[in-house]
Amino acid sequence: MSVATGLNLSSQNRRVRIWPAMLVGATVTLLNMGVRQLGGLQSWELGSFDSLVRLQPASGPDPRLLVVAISEADIQALGRFPISDKTIAQTLTKLQKYQPKVIGLDLYRDLPQAPGHQELLAALKAPNVVAIEQLSDSESPGVPAPPGIPRDRVGFNDFVLDPDGVVRRNLLSVSQPDKKIALSFSVQVALLYLKDRVQQKNSPVHRHQTNWGKAEFVPLTSNSGGYANIDTTGYQILLKYRSGKDVARQVSIRQVLKGEIDPSWVKDKIVLIGTTAPSTRDLFLTPYSPVKKQTPKMPGVLLHAQMLSQILSAVLDGRSLFWVWPEWAEILWNGAWAMVGGVLAWRIQHPARAGLAGGAALMGLLGISFGIFTGGGWVPLVSPALGLVVTGVGVSAYRKLYDAFHDSLTGLPNRDLFVDCLGRAIANTRGRRSYLFAVLFLDLDRFKVINDSLGHLVGDELLMAVVLRLRAIIGSGDTVARVGGDDFAILVRNVDVASAVDLATRIHQALIVPFELKGQEVFVTASIGIALGGEPAATVREQPEHLLRDAHTAMYRAKALGTGRYQVFNASMHALAVERLQLETDLRMALKRREFLLHYQPFVSLASGRIIGFEALVRWQHPLRGLIPPMKFIPVAEETGAIVPLGEWVLEEACRQLRLWEEMFGFDRALIMSVNLSGKQFAQPDLVDRIQVILETTGLSAESLKLEITESVVMDDVESAIAVLKQMKALNVKLGIDDFGTGYSSLSYLSRFPTDTLKVDKSFVGRMEIESEGENVAIVRTIVALAHALGMDVIAEGVETAAQLARLRSIGCEYGQGYFFAKPLPSEAATALMASDPQW
């Protein structure tokens, strides 16, 4: 398995885990489109349309248009409203002198406004004049055009109000009851202006669509753009505003009557005559209204100017009209932004960063929508923004829930989710006789070494590669979870003991193949614990946490027996685990309760046969369990760290006892007190200082103290160990290496250790007499010779017979220790032994 494969697994996990984000995005899109179809977002979409209109730069006045405005001042000066037919006729006559191309009379003249009615009718017969009418409907009888004007020079008032009263649409034509097509005022004026240039025609591609030159007038449907179920009577298009106020040059009707206008403003132009006075109530809301404080509404004549300018700009200038997407494209548009929100929320977990990314996405949506709007397209803005936000929030909430039950590195279920799956498996067994399942707890052996040597990134790649192999082995209906750093739990359903053991064997075989990490092969083994569930007698009391605990206990048992093993849980393992836990608890209190005591075993000069010192050995007098041997509690103390305060107490108590004996007996030669140092003690940075303090406190001479360290302790970090040993030696204490011959010390390092004594392990001494001159005698003789060559003396431990003593004397061993001389004794018995002055 290479690193690349591990990376592929990581990418695969990310792809698999991105599906929830996509699913949430699709769901939100469908709901979003449903709400939009029902009209729930229409007011917001129309508001966004207005905002985009206001954001566009104004195009300035259209030079092809002139508006003759009847203002409030004009009405007051002329003395009446409606303005008389004579005044309108005089205005038309004045304008005709300047040769306009078209005059559009945006004033109703269905009833005579004396005086001058006949004069007005005569002026209206000019071939370049277009009048306006109001079509009748169910709510209004309508307003007819002035009599005598041909139908091709009459257009209906084409304002279409949205539900909020804003004019955003332009009604080009409608079909009348007699099946004749009526054209709007703006279209009739534009047709007359363009009749010598461009003609209307039907689109050869889209049925019911009109093309005017190169301009395509795409009709609105009931749900075009941001609309939802609007009234699409007739032929409607979106109104593309040119400007908020200066759509065309404006002059007053009094200026025209007085001849105070430049003829070039009129010649070959379109002239619109209409009222701009607020009192006439010919005012309408537009997208610009929210930003206008004094005059929020636009006069009708200016709205007609907007519509005319839009038509002329499209036909003559190539300025695009508004287009909208079909419904399927809008669904894709909304879905894409919902997916963006979901992916951002899934990939970015930090709240502040996710907020910034979401804000950037919204700004991007606004920028793209505005770019499309500027190019003539109206696409929904609110619904995709809502989809982006809702999907992001939903996915973020789902991600938090997902992360609460899944491992962030591997994507596997975590401990909580595994326990939940295990609980469901237990529930499934109730009432079923033949349903068994197994829990396998897997721990990678020596994983810490890989992390420490190759780094945590490589360790992560190894974990993902292991997951890939585990997934290839277990069934699709089974569950693998990461429940710790390098711990995995596997729930295998519908199996017996043999099948579970077979799975453990296959896992071991799968891990035999080396992993290639950072260009080198790494071999990994695993310790596996197996716990069976679903037993009929146990299902009532089974708890998922207990089964996982049992598998974990079995795994530790397998690890204790060696690497790459498996063990099936049995009740005795749990009993041992409970006992160990109780032992740990009692051990933490034992020092405070002064439950420890020291026994002393003498070591003897083999030359004189007299005691030359003692080794201090700790014992635990438990208040309920009696005397507990060191082999039971010392390993627990090592693992829990209790060995450090315990070892310090042993050292101080042993020194105090030897000083007491010195005062009691007055030895002519100083006795030696030997104390063992554990690995954790040896690693303490203030160890040398603590030793010095204890010597000063007890008053014991440093030459009377010997500190013993095992080979494994000093070989873990040789250079550091040598430095600490030299600091100890500077105190003048004696140093010894315990259990020599059982470890893996290097002779090259041994020569550098400032030690005084080598202690031969009792395993060699115990077999000396039964093997005569065999290999164990040779080993002891070699160790003695080596020690002497390095300037050290030798203590042989485990001396139990006279024959062993004789053999040690014959090969030149200086000192001996063992049951032949005395077993470890309480202080009182050791005192009595010294008082008897024995000699062996």
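Visitor: Tell me about the overall build of the protein, and please be specific about residues and values.
Guide: On a plain count of helices and strands, the protein comes out with 28 helices and 32 strands. Over its C-alpha trace the protein gives a radius of gyration of 50 Å, far above what one expects of a compact globule, namely 28 Å for 840 residues. Across its three principal directions, the C-alpha atoms of the protein cover 160 × 65 × 50 Å. In the protein, buried positions account for 50% of the 840 residues. The contacts of the protein with a sequence gap of at least 6 include a subset with a gap of at least 24, amounting to 73%. Counting only carbon and sulfur atoms, one obtains 56% of the accessible surface of the protein, whose full area is about 38900 Å².

Visitor: Describe the pairing of strand S11 (residues 235-238), listing the residues and the values that go with them.
Guide: Remember that side chains alternate between the two faces of the sheet whenever the strand is regular. Alternating positions in S11 separate into two faces, Tyr-235 and Ile-237 on one and Gln-236 and Leu-238 on the other, with burial throughout. Across 4 bridges, strand S6 (residues 167-175) lies against S11 in antiparallel orientation. Paired with Asn-170 across the strands is Ile-237, a residue of S11.

Visitor: Go over the pattern of salt bridges, please, and point to the residues and values.
Guide: As enumerated under the stated definition, the model contains 30 salt bridges in all. For Asp-443, the salt bridge is made with Lys-559, and the minimal N-O distance between the two is 2.7 Å. Remark: Lys-559 occurs in helix H16 (residues 544-560) and Asp-443 occurs in strand S16 (residues 437-444); sequence separation between them is 116 residues. Put simply, Arg-690 and Glu-648 hold a salt bridge, and the shortest N to O gap is 2.2 Å. Separated by 42 residues along the polypeptide, Arg-690 in helix H21 (residues 687-698) and Glu-648 in helix H19 (residues 643-665) bring together distant segments of the chain. On the basis of relative accessibility, which here comes to 32%, the residue Arg-690 falls in the partly exposed class. For Glu-648, a relative accessible area of 26% corresponds to the partly exposed category.

Visitor: Any details on the packing of helix H14 (residues 456-473) against helix H15 (residues 497-512)? Residues and values, ideally.
Guide: Across the interface, H14 lies against H15 with an axial gap of 10 Å and an inter-helix angle of 140°. If you check the angle between H14 and H15, you find them oblique. The handedness of the crossing between H14 and H15 is right-handed. For the pair H14 and H15, contact is made by Val-466, Arg-469, Leu-470 and Ile-473 and by Leu-503, Arg-506, Ile-507, Ala-510 and Leu-511, respectively. Here the contact of H14 with H15 is built from residues that sort into 7 nonpolar, no polar and 2 charged.

Visitor: Mind laying out the nonpolar core, listing which residues take part and the relevant values?
Guide: In terms of nonpolar packing, the biggest core is built from 80 residues, with Leu-707, Met-728 and Leu-808 touching the most fellow members. Per-element tally for this core: the top contributor is H19, with 8 residues. The contacts of Met-728, once residues within four sequence positions are left out, are Leu-677, Phe-682, Leu-687, Val-688, Ile-691, Leu-707, Val-733 and Leu-735. Ranked by size, the runner-up nonpolar core spans 53 residues in total, among them Val-53, Tyr-193, Tyr-288 and Met-307.

Visitor: Before we move on, could you go through the layout of surface pockets and cite the residues and values that matter?
Guide: As a volume, the largest pocket reaches approximately 1000 Å³. Contributing to the lining of the largest pocket are 34 residues, with Glu-615, Leu-617, Pro-630, Asn-676 and Asp-738 lying nearest its centre. Put simply, the parts of the chain that give the lining of the largest pocket at least two residues each are strand S24 (611-622), helix H18 (630-640), H19, strand S26 (672-676), helix H20 (679-682) and strand S28 (734-740). If one sorts the elements of the lining of the largest pocket by residue count, S24 sits on top with 5 residues. A class-by-class count of the residues in the lining of the largest pocket yields 15 nonpolar, 10 polar and 9 charged.

Visitor: I'd like a description of helix H5 (residues 117-124), backed by residues and values.
Guide: Among all positions of H5, only His-117, Leu-120, Leu-121, Ala-123 and Leu-124 are buried. Down the axis of H5, the buried side of the element spans an arc of 160°, and every buried residue falls inside it. Every exposed residue of H5 that faces more than 90 degrees away from the buried side is listed here: Gln-118 and Ala-122. For H5, the elements touching its buried residues are helix H4 (85-96), strand S2 (102-105) and strand S3 (129-133).

Visitor: Explain empty space enclosed by the protein residue by residue, including any values.
Guide: Space left empty within the atom packing is revealed by a probe, the size of a water molecule, rolled over the atoms. On inspection of all chains with the given rule, the structure shows 1 cavity of 30 Å³ or more. Volume-wise, the largest cavity comes out at about 40 Å³. Contributing to the lining of the largest cavity are Val-218, Pro-219, Leu-220, Ile-237, Leu-238, Phe-322, Trp-323 and Val-324. Classifying every residue of the lining of the largest cavity by side-chain character gives 8 nonpolar, no polar and no charged.

Visitor: Tell me what's going on with the packing of aromatic side chains, and back it up with residues and numbers.
Guide: As enumerated under the stated definition, the model contains 21 aromatic pairs in all. Between Phe-49 and Phe-322 the ring centres are 5.7 Å apart and the planes differ by 50°, which places this aromatic pair in the tilted class. Of this pair, Phe-49 sits in helix H2 (residues 42-55) while Phe-322 sits in the loop between helix H8 (300-316) and helix H9 (327-347); the two residues are 273 residues apart in sequence, bridging distant segments of the chain. For the residue pair Phe-49 and Phe-322, the accessibility class agrees, reading buried in each case. Among the aromatic side chains, those forming a connected cluster through ring pairs are Phe-49, Tyr-227, Phe-322, Phe-373 and Trp-378. The ring of Phe-322 carries Lys-240 above its face, with NZ or CZ at 5.4 Å from the centroid. Directly above the aromatic system of Phe-515 lies the positively charged group of Arg-469, at a separation of 3.7 Å from the ring centroid.

Visitor: An account of the sheet that holds strand S22 (residues 566-568) is needed here, citing residue identities and associated values.
Guide: With respect to topology, 5 strands assemble into an open sheet ordered S17-S18-S16-S21-S22, the strand pairing being mixed. Whereas interior strands pair on both sides, the edge strands pair on one side only; in this sheet they are strand S17 (479-482) and S22. On average, each strand axis in the sheet is inclined to that of its neighbour by 20°, with strand direction left out of account. The sheet contact formed by S16 and strand S21 (residues 526-533) spans 8 bridges and is antiparallel. Paired with Ala-438 across the strands is Leu-532, a residue of S21. Running over the sheet, H15 touches S16, strand S18 (487-493), S21 and S22 and is turned about 160° from S21. Its contacts with the sheet put H16 on S16, S18, S21 and S22, and the angle it makes with S21 is roughly 145°.

Visitor: Tell me about unusual backbone geometry, and name the residues and values.
Guide: Between Phe-81 and the following residue, Pro-82, the backbone shows a cis peptide bond with an omega angle of 5°. Residue Pro-115 follows Ala-114 across a cis peptide bond; omega there is 0°. Secondary-structure assignment places Pro-115 in the loop between S2 and H5. With phi around 60°, Asn-229 is a residue other than glycine that occupies positive phi space. For Asn-229, the location among the structural elements is in the loop between strand S10 (215-217) and S11. In the Ramachandran plot, Arg-281 falls in the positive-phi region, its phi being about 60° despite a non-glycine side chain. Its place among the elements puts Arg-281 in the loop between strand S13 (270-275) and strand S14 (283-285).

The rules we used
- Residues numbered from 1 in each chain as written.
- Predicted model: local features only at pLDDT ≥ 70, side-chain atom pairs only at ≥ 80, totals over all residues.
- Heavy atoms only, no water.
- Helix = DSSP H or I, 4+ residues; strand = E, 2+ residues; numbered from the N terminus.
- Rg over C-alpha atoms; globule rule 2.2 N^0.38 Å.
- Buried < 20%, exposed > 50% of the residue type's maximum accessible area, 1.4 Å probe, protein only.
- Contact = heavy atoms within 4.5 Å.
- Areas by Shrake-Rupley, 256 points an atom, 1.4 Å probe, with all protein chains shown as cover.
- Pairing = 2+ DSSP bridges.
- Salt bridge = Lys/Arg side-chain N within 4 Å of Asp/Glu carboxyl O.
- Axes fitted to C-alpha atoms, helices over the stretch in contact; angles between N-to-C directions.
- Parallel < 35°, antiparallel > 145°, perpendicular 65-115°, else oblique.
- Left-handed = near helix turned anticlockwise from the far one by under 90°.
- Nonpolar A, V, L, I, M, F, W, Y, C, P; charged D, E, K, R; others polar.
- Core = buried A, V, L, I, M, F, W, Y, C linked by side-chain atoms within 4.5 Å.
- 1 Å grid on protein atoms, 1.4 Å probe; cavity = no way out; pocket = protein on both sides within 12 Å on 5 of 7 lines; lining within 4 Å.
- Points joined across faces, edges and corners; volume = space filled by probe spheres on them.
- Arc of directions from axis to C-beta.
- Phe/Tyr/Trp six-rings, centres within 6.5 Å; stacked < 30°, edge-to-face > 60°.
- Lys NZ or Arg CZ within 6 Å of the ring centre and 35° of its normal.

By themselves these figures say nothing about function.
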